[in-house]
Amino acid sequence: MTKYGRSPWLDQFPKSRIPSYPKHRGPMQSDVVIVGGGLTGCATAYAFAAAGLKVTLLEADRLGRGGTGAASGWIATEPGVPFAQLERTVGLRSARKAWQAWRRAALDFAALLRRLDIRCALEEHDSVLVARSPEEALRLKREQKVRRDAGVDAPLLSARTIRGELGLDASGGLRGKDGATIDPYRACVGLAAAAVARGAQIFERSGVRRITFTRKTADVHALGGVIRTHRVIVATSMPNALFKGLIRHFWFKTSFLVLTERVPAKIRHQLGSDRAVVRDLAEPAHAIRWVGGDRLLVVGADSDAVPPRQRDKVVVQRTGQLMYELSTLYPDISGIQPDYGWAADYALTAEGIPYIGSHRNYPHHLFAFGDASHSVTGAYLASRVLLRQHLEESESADEAFSFNR
Ligand SMILES: Cc1cc2nc3c(=O)[nH]c(=O)nc-3n(C[C@H](O)[C@H](O)[C@H](O)COP(=O)(O)OP(=O)(O)OC[C@H]3O[C@@H](n4cnc5c(N)ncnc54)[C@H](O)[C@@H]3O)c2cc1C
């Protein structure tokens, strides 16, 4: 029976091992207050605590059960938009910098998870961007040329190689080296534990209702009291009621995810030996990865944000749609059933890459909003960019993610 509306990461995590943090109570002071305990908030709590700062993280619900618990768990080495599109919106210099920063963040993120020995099913996997129709093949060729001219080349794969290594019919593909896949929930709670070990304080069920500020300080009004600070990091993945003034910068979307039942060994064999993450150029695009070596996870069918009252129905419908679309890519898996079907909300920026940093209307604040990449990398990238900004050690590449890019 398909489980709808729950992700396997949350559903399969042993209930007795779900970490629990206290509710915040009473007035406090902290160097840094982080609002939101998803992957971005927890990676940022770790980065700031490891840099020796006194960190307080406030999560409205429980850690990692928002966008993170619903994510696909892919550490991509490039942003979610084609290079050619990014170049058109932010210019060649910024696009190249964003690309390089993304790649470095992906490598560093995997290295950090390994170094901290966080058990989150980390596996290294390349990715392949495939073209299936003649129109997509043309776009892929253009993309490769633009990348080559910009010095961020990716090797072109022939239809034959893709058939042999990935078991799917495509007219060509671009290989992206060095990505990885993880269980995003385990990575999130692991980073939270590592942050606590470095002195961070984490509070759950401690939603922030309001943030006020003067020239010198900010007051974070949480359910249990006020925390005074010089730095607020907003890691709620998208602007909500706390920052109504920023909502106009975003489009609110829902993406859908399906995890199949085990694919029998005989069929797996027919799908080639390469376990790269596959992305296509369809609109909306799909990303497909293996989980545990024998199940396929597919993300796609993005639409405008689905209101809560329609959600259950839409998740069932999109699960069927994604299974059908998966079977057009891999006809051999026809008949395989979905084990899980769920949805993930996200906010999209005009350029398709996140905003990470300050906004002139909000002194003392730093934001990390709007990752639409289907990948984990933005959360880690944000933690590094935000720390550099806080320490006034920004790198020129960080500008590619600023609100006034
Ligand atoms: C389809 C899809 C697939 C994706 N796949 C991946 C992936 O594979 N890996 C990945 O990491 N990313 C993926 N992303 C992006 C993903 O959403 C982010 O990268 C990241 O996981 C989200 O982390 P976050 O911490 O920014 O947000 P969230 O995990 O949503 O965390 C925000 C937290 O803020 C809390 N919060 C909100 N308001 C308040 C408040 N007022 N007070 C206190 N707390 C509050 C929420 O309860 C929530 O826990 C994907 C996105 C989409 C759309």
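Residues numbered from 1 in each chain as written. Predicted model: local features only at pLDDT ≥ 70, side-chain atom pairs only at ≥ 80, totals over all residues. Heavy atoms only, no water.

### Quick notes on the overall build of the protein chain
We apply this condition: Each helix is a run of DSSP H or I of at least 4 residues and each strand a run of E of at least 2, with the numbering of both proceeding from the N terminus. Radius of gyration here is computed from C-alpha atoms only, and the compact-globule reference equals 2.2 Å multiplied by the residue count raised to the power 0.38. Whether two residues are in contact is decided by their heavy atoms, any of which lying within 4.5 Å being enough. Only the protein chains shown count as cover for residues, with accessible areas throughout obtained via the Shrake-Rupley method and a probe of 1.4 Å. Note that His is not counted, nor are the chain ends; the positive residues are Lys and Arg, and the negative ones are Asp and Glu. Working definition for charges: the position is that of NZ of Lys, CZ of Arg, CG of Asp or CD of Glu.
For the protein chain, the count of helices and strands is 11 helices and 20 strands. Computed over the C-alpha atoms, the radius of gyration of the protein chain is 21 Å, within 12% of the 22 Å expected from 2.2 N^0.38 for a compact globule of 405 residues. Along the first, second and third principal axes, the C-alpha set of the protein chain runs to 60 × 50 × 40 Å. A separation threshold of at least 6 residues defines the contact pool for the protein chain, and within that pool the share at least 24 residues apart is 77%. For the protein chain, the computed accessible surface area is about 17,600 Å², with 50% contributed by carbon and sulfur atoms. When the 56 basic and 41 acidic side-chain charges of the protein chain are each reduced to a single mean position, those positions are 5 Å apart.

### Section: the site of the ligand
What counts, and what does not: Put simply, a residue is near a molecule or strand once any heavy atom of it comes within 4 Å of that molecule or strand. Here a polar contact is taken to be a pair of N or O atoms separated by no more than 3.5 Å, where protein atoms must pair a possible hydrogen donor with a possible acceptor and residues adjacent in sequence count only if both atoms sit in side chains. In this count, Pro and Cys sit with the nonpolar residues alongside Ala, Val, Leu, Ile, Met, Phe, Trp and Tyr, while Asp, Glu, Lys and Arg are called charged and the others, Gly among them, polar.
In the region of the ligand, 31 residues are neighbours, and Thr-40, Glu-59, Gly-67, Thr-68 and Gly-73 sit closest. In this structure, Thr-40 approaches the ligand through a side-chain N or O atom, which is 2.7 Å from an oxygen atom. Relative to its unbound accessible surface of 960 Å², the ligand loses 91% to contact with the protein. Mapped onto the shell around the ligand, the elements with two or more residues apiece are helix 2 (39–50), helix 3 (67–70) and strand 13 (225–237). Here the shell around the ligand is built from residues that sort into 12 nonpolar, 17 polar and two charged.

### Quick word on unusual backbone geometry
Here the bond from Glu-283 into Pro-284 is cis, since omega is -5°, no more than 30 degrees from zero. By the secondary structure assignment, Pro-284 is in the loop between strand 15 (277–280) and strand 16 (287–291). In this structure, Asp-117 takes a positive phi of about 55° despite not being glycine. The residue Arg-205 is not glycine, and still its phi comes out positive at about 50°.

### Points about the sheet that holds strand 15
Put simply, the test is: Strand pairing follows a simple DSSP-based rule, namely that at least 2 bridges must link the two strands. Angles shown run from 0 to 180 degrees and are taken between the N-to-C directions of axes, each axis being a line fitted to C-alpha atoms and, for helices, limited to the stretch in contact.
With mixed pairing, the nine strands of this open sheet are ordered in space as 1-18-14-17-16-15-6-8-7. The strands lining the two open edges of the sheet, one partner per strand, are strand 1 (3–4) and strand 7 (156–158). In the packing of helix 7 (residues 159–166) onto the sheet, contacts are made with strand 6 (127–131), strand 7, strand 8 (172–176) and strand 15, and the angle to strand 7 comes to roughly 80°.

### With respect to the pattern of salt bridges
The condition is simple: In what follows, salt bridge is the name for a side-chain nitrogen of Lys or Arg lying within 4 Å of a carboxyl oxygen of Asp or Glu. Here's how the labels work: a residue is buried when its accessible area is under 20% of the maximum for its type, exposed when over 50%, partly exposed in between, all with a 1.4 Å probe on protein chains only.
Under the criterion given, the structure shown has 27 salt bridges. With a closest N to O distance of 2.8 Å, Glu-124 and Arg-114 form a salt bridge. Placement of the pair is Glu-124 in strand 5 (residues 123–124) and Arg-114 in helix 5 (residues 92–115), with a sequence separation of 10 residues. In this structure Glu-124 comes out as exposed when scored by relative accessible area, which is 59%. For the salt bridge of Arg-311 with Asp-345, the shortest nitrogen-to-oxygen distance reads 3.2 Å. With Arg-311 in helix 10 (residues 308–329) and Asp-345 in strand 18 (residues 338–348), the pair connects residues that are 34 residues apart, well separated along the chain. Within the structure, one salt-bridge network assembled from shared partners comprises Arg-104, Asp-108, Arg-388, Glu-395 and Asp-398.

### A short note on the nonpolar core
Rule in force here: Residue types Ala, Val, Leu, Ile, Met, Phe, Trp, Tyr and Cys, when buried and joined through side-chain atoms within 4.5 Å, form a set referred to as a nonpolar core.
Within the largest apolar cluster, 61 residues are counted, with the highest numbers of intra-cluster contacts made by Phe-48, Phe-109, Leu-113, Leu-191 and Phe-401. The greatest single-element share of this core, amounting to 10 residues, is contributed by helix 5. The contacts of Phe-401, once residues within four sequence positions are left out, are Ala-98, Ala-101, Trp-102, Ile-353, Pro-354, Tyr-355, Ile-356 and Leu-381. One finds Val-130, Leu-157, Leu-271 and Leu-296 within the second-largest nonpolar core, a separate group that totals 30 residues.

### Things to note about the pairing of strand 3 (residues 55–58)
By the alternation rule, side chains of strand 3 split into Val-55 and Leu-57 and Thr-56 and Leu-58, which are all buried. Relative to strand 3, strand 2 (residues 28–35) is paired through four bridges, and the arrangement is parallel. Bridged to Val-32 within strand 3 is Val-55. As paired strands, strand 3 and strand 10 (residues 201–203) are joined by three bridges and run parallel to one another.

### Quick notes on the environment of Tyr-324
Relative to the helices and strands, Tyr-324 resides in helix 10. Sequence-wise, Tyr-324 and Ser-334 are 10 residues apart; in three dimensions their C-alpha atoms are separated by 8.2 Å.

### Things to note about the state of the cysteines
Counted only if it meets this: The disulfide criterion used throughout: a pair of cysteine sulfur atoms within 2.5 Å.
According to the stated counting rule, one finds zero disulfides in the structure shown. Lacking any disulfide linkage, Cys-42 is separated from the closest cysteine sulfur, that of Cys-188, by 3.8 Å. Owing to a relative accessible area of 0%, Cys-42 belongs among the buried residues under this scheme. This cysteine, Cys-120, is not joined by any disulfide, and Cys-188 carries the nearest cysteine sulfur, 11 Å off. Given a relative accessible area of 1%, Cys-120 falls into the buried group.

### Concerning helix 2
As a reminder, the rule being used: Working rule for helices: expected span equals 1.5 Å times residues minus one.
With 12 residues, helix 2 should cover 16 Å at 1.5 Å per step; its first-to-last C-alpha distance of 16 Å lies within 8% of that length. Summarising burial for helix 2: 11 of the 12 residues are buried, a large majority. Taken residue by residue, helix 2 has Leu-39, Thr-40, Gly-41, Cys-42, Ala-43, Thr-44, Ala-45, Tyr-46, Ala-47, Phe-48 and Ala-49 as its buried positions. Two residues or fewer after helix 2 comes Gly-52, characterised by a positive phi angle close to 90°.

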